[in-house]
Amino acid sequence: MTKAEVITKISDKTGIQKDDVTQTIEAFFKVVKDSMSEGENIYVRGFGSFINKKRAKKIARNISKNTAIVIDEHYIPAFKPSKVFIEKIKNSKKIKELAPQD
């Protein structure tokens, strides 16, 4: 599902104009990006957490040049779904229909 499809679905369910939904969604994404870039995590009860994960310093290999390179300690954005969200997906009949049968 694309962002445009999400906006359409929200607009249809709420009766709010697509332009207003678009502005709200864009504002939400901006708040998430700005807050996380300042080191803040965002917790949405019943949905999940947008967190900054710390990656330790490590040595990697550049296989084309056969050299070692150092990757410094850094942070990456991550999403951790809540238990409620996880259970909803686990118990979804649609997901079970899509899963390959062994």
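Everything here concerns the structure above.
Residues numbered from 1 in each chain as written. Predicted model: local features only at pLDDT ≥ 70, side-chain atom pairs only at ≥ 80, totals over all residues. Heavy atoms only, no water.

Trainee: How do you make sense of the sheet that holds strand β2 (residues 48–55) when you look at a structure like this?
Mentor: Paired through backbone hydrogen bonds, the strands of a sheet run either parallel or antiparallel to each other. Across the sheet, three strands lie side by side as β1-β2-β5; this open sheet has antiparallel pairing. On the outer flanks of this sheet lie β1 (42–44) and β5 (74–81), each paired with one strand and no other. If you compare each strand with its neighbour and ignore which way they point, the axes differ by 30° on average. Pairing of β1 with β2 involves three bridges; the strand directions are antiparallel. Across the sheet, residue Y43 finds its bridge partner in β2, namely S49. Sitting on the sheet, helix α2 (residues 18–37) is in contact with β1, β2 and β5, with an inclination near 35° to β2. (Pairing = 2+ DSSP bridges. Helix = DSSP H or I, 4+ residues; strand = E, 2+ residues; numbered from the N terminus. Axes fitted to C-alpha atoms, helices over the stretch in contact; angles between N-to-C directions. Contact = heavy atoms within 4.5 Å.)

Trainee: How do you make sense of the packing of helix α1 (residues 3–14) against α2 when you look at a structure like this?
Mentor: Helix-helix packing is characterised by the crossing angle of the two axes and by the distance between the axes. Packing of α1 against α2 brings their axes to within 9 Å, and their N-to-C directions diverge by 125°. Between α1 and α2, the angle is such that the two are oblique. Taken as a pair, α1 and α2 cross one another with a handedness that is right-handed. Judged by residue contacts, K3, I7, T8, I10 and S11 of α1 engage K18, V21, T22, I25, E26 and F29 from α2. (Parallel < 35°, antiparallel > 145°, perpendicular 65-115°, else oblique. Left-handed = near helix turned anticlockwise from the far one by under 90°.)

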